[in-house]
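# Coordinate analysis (summary)
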Amino acid sequence: MNVVFGADIGGTDIKLGMFQEDGRLLSKWLIPTRMEDNGRLIFDDIASEIKNKMQEKSVSSQCVLGIGCGFPAPVDNRSFVRNCVNLGIKDIYPGKEMEKRMPGLIVRIGNDANIAALGEMWQGSGQGRRNLLLVTLGTGVGSGIVIDGKIVSGRHGIAGEIGHFMVDPLETEHCSCGGTGHLNQIASVPGILHYARKFLQEDKRPSVLREKEDFDGADLTDAAKEGDAIAMKTLDYCMGHLARGLAIAAHIIDPDIFLIGGGMAKAGQLLIDVIQKHYVANHYLTKEETQIRLASLGNDAGIYGAAKMIIDA
């Protein structure tokens, strides 16, 4: 039995999976992310975990097709990472680090959002589609593009970063990248909560959000599902900007489908309906609407995509 390993490296933990080459997940587990020594302990830990799993499952190295890894940073066309802010790592070739520890095995490295998009195409909500854009709404607005079944990363690894589309020219506060008026500032969870607080100050209509000393994205979406006026106003405003960003992206890549994931996707169909309404109002060139759906693999999308990179190698 041939197997593939997928790893999705995050700032808090590393998700690992062992797959059959047909996509069946055989085992998945988590380990903490250790950031010392410019991140090199990460590769020690992944190699150790894979070797232990091979021993546990009696899998020989001849049966391992390779290891795919998702990295939380732009990965250029040389598989080089200039700066990984989330991990505090700079100027590193993650694939070469992994190959040193697992000699003889194929290693592939990709940006985490891109490989999540590939995973959704392979075994998630994008099955049967060859062209898609995955957007994750969490701490930031992440995104990954798959065209003709292949990840699109660009020369510097930043292709598809719709979170840095400038959608509000009047905004004066700065995005984490240094720019202003970016989608990241509006449609991420922190951005949504920022606008909810702003609207609570400006709009005096009753809201259950006023009764909470602090509230999170789940509180806001729960309130919106109950018809809360301020919660709905916030979602409409923030997802309206996201929809305009998707319309811009559609005019560039013309995907078969948009997938929405991340923490805010727990709002379910309500979120999709709001996005769809604004998307239709901003997309003009074709009568056939691009579908917008919820991503389905959740936190497992990265390990699936990482494994798929090896299967496609």
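Residues numbered from 1 in each chain as written. Predicted model: local features only at pLDDT ≥ 70, side-chain atom pairs only at ≥ 80, totals over all residues. Heavy atoms only, no water.

## Regarding the overall build of the protein
A count of helices and strands for the protein gives nine helices and 12 strands. Relative to a compact globule of 313 residues, whose C-alpha radius of gyration would be 20 Å, the protein shows 20 Å and is just as compact. Out of the 313 residues in the protein, the part that is buried amounts to 54%. Within the protein, residue pairs in contact and separated by at least 24 positions form 61% of the contacts whose partners lie at least 6 positions apart. For the protein, the exposed surface amounts to about 14400 Å²; the carbon and sulfur share of it is 49%. Positive and negative side-chain charges in the protein, numbering 33 and 39 respectively, have mean positions lying 3 Å apart. (Helix = DSSP H or I, 4+ residues; strand = E, 2+ residues; numbered from the N terminus. Rg over C-alpha atoms; globule rule 2.2 N^0.38 Å. Buried < 20%, exposed > 50% of the residue type's maximum accessible area, 1.4 Å probe, protein only. Contact = heavy atoms within 4.5 Å. Areas by Shrake-Rupley, 256 points an atom, 1.4 Å probe, with all protein chains shown as cover. Lys, Arg positive; Asp, Glu negative; His and termini not counted. Charge placed at Lys NZ, Arg CZ, Asp CG, Glu CD.)

## Some thoughts on the sheet that holds strand β2 (residues 13–20)
Spatial ordering of the open sheet is given by β3-β2-β1-β4-β7, a layout of five strands whose pairing is mixed. Across the chains shown, the open sheet's two edge strands, defined by having one partner strand only, are β3 (25–32) and β7 (107–111). Between one strand axis and the next, the sheet turns by 15° as a mean value, whatever way the strands run. The strands that helix α2 (residues 94–101) touches are β4 (64–71) and β7; relative to β7, the one it contacts most, it runs at about 150°. On the sheet, helix α9 (residues 301–311) packs against β1 (3–9), β2, β3, β4 and β7 and is oriented at approximately 135° with respect to β1. (Pairing = 2+ DSSP bridges. Axes fitted to C-alpha atoms, helices over the stretch in contact; angles between N-to-C directions.)

## What about the sheet that holds strand β12 (residues 291–294)?
Taken together, five strands build an open sheet; the order of strands is β10-β9-β8-β11-β12 and the sheet is mixed. What marks the edges here is a single partner per strand, and that holds for β10 (150–152) and β12. Neighbour to neighbour, the strand axes of the sheet diverge by 25° on average, direction disregarded. Strand direction decides the pairing type here: strand β8 (residues 132–137) and strand β11 (residues 257–261), joined by five bridges, are parallel. Counted as the bridge partner of valine 135 is isoleucine 260 from β11. Its contacts with the sheet put helix α3 (residues 112–123) on β8, β9 (141–147), β10 and β11, and the angle it makes with β9 is roughly 55°.

## Describing the packing of aromatic side chains
Within the structure shown, the criterion is met by nine aromatic pairs. Relative to tyrosine 237, the ring of tyrosine 195 lies with its centre 4.9 Å away and its plane at 40°, an arrangement referred to as tilted. Of this pair, tyrosine 195 sits in helix α5 (residues 189–202) while tyrosine 237 sits in helix α7 (residues 229–253), and the two are 42 residues apart along the sequence. According to the relative accessible area criterion, tyrosine 237 is partly exposed, its value standing at 27%. (Phe/Tyr/Trp six-rings, centres within 6.5 Å; stacked < 30°, edge-to-face > 60°.)

## Re the pattern of salt bridges
As a working rule, side chains carrying opposite charge can pair if their charged atoms are close by. Enumeration over the complete set of coordinates arrives at 17 salt bridges. Lysine 15 is the partner of aspartate 13 in a salt bridge, and the nearest nitrogen-oxygen pair spans 3.5 Å. Two residues, lysine 57 and glutamate 56, come together in a salt bridge whose shortest N-O distance is 3.9 Å. Three or more residues are tied together by salt bridges with common partners; here these are Asp44, Glu97, Lys100 and Arg101. (Salt bridge = Lys/Arg side-chain N within 4 Å of Asp/Glu carboxyl O.)

## Concerning the side chain of lysine 308
The topology assignment puts lysine 308 in helix α9. Accessibility expressed as a relative area gives 13% for lysine 308, which makes it buried. Apart from the residues lying within four places of it in its own chain, the contact partners of lysine 308 are Leu118, Met121 and Trp122.

## So, unusual backbone geometry
Not every positive phi belongs to a glycine, and aspartate 148 is a case in point at roughly 50°. Position of aspartate 148 relative to the elements: it lies in the loop between β9 and β10. The phi torsion at aspartate 254 lies on the positive side, around 50°, for a residue other than glycine. Mapped onto the fold, aspartate 254 is located in the loop between α7 and β11. Classification of aspartate 254 as exposed rests on a relative accessible area of 52%.

## Description of the pairing of β9
Most of β9 sits out of view: six of its seven residues are buried. The sheet contact formed by β8 and β9 spans six bridges and is antiparallel. Across the sheet, leucine 134 pairs through a bridge with glycine 144, a residue of β9. Between the end of β8 and the start of β9, which pair antiparallel, lie three residues. Two strands pair when backbone bridges link them, and β9 and β10 are joined in this way by three bridges, in the antiparallel orientation. The residue of β10 that forms the bridge with isoleucine 145 is valine 152. Turn length for the β9-β10 hairpin, with the two strands adjacent in sequence and antiparallel, is two residues, and the turn residue aspartate 148 shows positive phi of about 50°.

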